[in-house]
Amino acid sequence: MIRRFYGRDDVKVHRREFLQLTAGAIAVPVLSAVAAAETYPDRPARIISGYPPGGISDTYARLMAQWLSQQLGQQFIVENRPGAGGNLAAEAVAKSAPDGYTLLQTTSADAWNATLYQNLSFNIVSDFSPIATMSRGSGLLVVNPSLPVQSVSELIAYAKNNPGKVTMASAGVGSAPHMFWELFRTKTGVDMVHVPYRGGGPAVVDLLAGQVQAYFGTFPSTIEQVRAGKLRALAVTSPTRAAVLPDVPAMAEFLPGFEASIYVGLAAPRGTPAAVIDKLGATLSRALDDPQITRRIAEFGDAPLRLSPAAFTKLVADETEKWAEVIRAGHIKAE
């Protein structure tokens, strides 16, 4: 009886100790993650941008870095790592430690690069934790005034009556102007000649000179020429009209469901503690309450975009799938 009593009591003790140890083992990582978030950041952090200094993407990266530095009391440094359409930057962040100290300035280009480039060493959907968005910008379909069209409908009709004679410029294969054009071509079936340039600057120069006839440009690169009458704006690529050009229709008014835009946000390597993601996300979200930040975004012709990490994750997945269909339909490959 003593042995049986001892045996049962011994089992109870061991079971109690096992449950206590198991609970403690579970609690330690949780407490560590919470503690990490409370002290984060305790040293400088980097935001990796896949684009060179001076452009809009770089400006956005520096806006985010400046805001986070001011709000969190540690320096966030922008590191420009251009190349391969932004893939060099994304690869560097994907392979970095998931601790919140190496972040990616991510854009829609990362979504279409997933299909545009073969054999990438990372997956933009599964290897990253989206943190927060800052803005979303649409494109502007513009034509040289010598082209005898006044609307999107007229452009489509003219192109179909003159197959292979209308030239459509882009900033290069895989650029936003190229992707927007491919979406337009997929939805309309028009036969135009794609003329890729090395950047938007040379494309606009030749468009103004009449060397090419049409272009899906960004607002900063084309809006002043539109206002001066040097280019004719036919449509914006957002679902609704843009406040800065209220008389220019949205493409969706001619092609229902058409939407092409570029989101800008921040992402971290997958595995970064959720508490750190939430802290960064909440901090960056507050930037969109600052009139100076929203005014700067408006100057680019963009709109503030406030998404939670969960909503941003869904956006990335949706955009990746959407552009994959366009790229496959057009048999497009990165050069």
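Because the structure is predicted, anything quoted here is derived from the model rather than measured. (Residues numbered from 1 in each chain as written. Predicted model: local features only at pLDDT ≥ 70, side-chain atom pairs only at ≥ 80, totals over all residues. Heavy atoms only, no water.)

I would appreciate a short explanation of the overall build of the protein chain in the present structure.
Helix and strand content of the protein chain: 11 helices and 10 strands. Here the protein chain, with 335 residues, has 47% of them falling under the buried criterion. Sequence-distant contacts in the protein chain: of pairs separated by 6 or more residues, those separated by 24 or more amount to 77%. Only carbon and sulfur atoms are counted for the fraction: they give 56% of the accessible area of the protein chain, which is about 15,800 Å². (Helix = DSSP H or I, 4+ residues; strand = E, 2+ residues; numbered from the N terminus. Buried < 20%, exposed > 50% of the residue type's maximum accessible area, 1.4 Å probe, protein only. Contact = heavy atoms within 4.5 Å. Areas by Shrake-Rupley, 256 points an atom, 1.4 Å probe, with all protein chains shown as cover.)

I tried to follow the confidence of the model for the protein chain on my own but got confused; where do I start?
Do not read the fine detail of predicted coordinates wherever pLDDT is low. Chain-level pLDDT for the protein chain is 91 on average; 89% of the residues reach the 70-or-more range. Scored below 50 in pLDDT, residues 1–13 makes 0 contacts in the model with residues more than four places away or belonging to other chains. (pLDDT = per-residue confidence, 0-100.)

Teacher, can you tell me more about the packing of helix H2 (residues 56–72) against helix H9 (residues 274–287) here?
The geometry of a pair of packed helices is captured by two quantities: the angle between their axes and the separation between those axes. At a closest axis distance of 10 Å, the pairing of H2 and H9 adopts a crossing angle of 110°. Comparing their axes, H9 and H2 come out roughly perpendicular. In the crossing of H2 with H9, the sense of the turn from one axis to the other is right-handed. Here H2 contributes Met64, Trp67, Leu68, Gln71 and Leu72 to the contact with H9, which in turn contributes Lys279, Leu280, Thr283, Leu284, Arg286 and Ala287. Its residues placed into classes, the contact of H2 with H9 shows 7 nonpolar, 2 polar and 2 charged. (Axes fitted to C-alpha atoms, helices over the stretch in contact; angles between N-to-C directions. Parallel < 35°, antiparallel > 145°, perpendicular 65-115°, else oblique. Left-handed = near helix turned anticlockwise from the far one by under 90°. Nonpolar A, V, L, I, M, F, W, Y, C, P; charged D, E, K, R; others polar.)

Help me understand helix H8 (residues 219–227), please; the structure alone is not making it clear to me.
One full turn of an α-helix is made of 3.6 residues, so residues set three or four places apart face in the same direction. All of the buried residues along H8 are Phe219, Thr222, Ile223, Gln225 and Val226. Residues of H8 that are buried sit in contact with strand E4 (128–143), helix H7 (200–208), strand E7 (214–218) and strand E8 (232–236). Phi turns positive one or two residues past the end of H8, at Gly229, with a value near 80°.

Even after reading the chapter, I still don't get the packing of aromatic side chains, so can you show me in this structure?
The way to describe two aromatic rings as a pair is by their centre distance and the angle between their planes. One pass over the structure, following the stated rule, counts 8 aromatic pairs. Between Tyr60 and Phe300, the ring centres sit 5.2 Å apart and the planes meet at 65°, which makes this aromatic pair edge-to-face. Of this pair, Tyr60 sits in helix H2 while Phe300 sits in the loop between helix H10 (291–299) and strand E10 (303–304), and the two are 240 residues apart along the sequence. For the pair Tyr60 and Phe300, one class covers both residues: buried. Ring plane angle 80° and centroid distance 5.4 Å describe the contact between Trp112 and Trp323, whose orientation is recorded as edge-to-face. Linking Trp112 in helix H4 (residues 108–116) with Trp323 in helix H11 (residues 309–329), this pair joins segments that are 211 residues apart in sequence. Residue class for Trp112 comes out buried when judged on its relative accessible area of 2%. (Phe/Tyr/Trp six-rings, centres within 6.5 Å; stacked < 30°, edge-to-face > 60°.)

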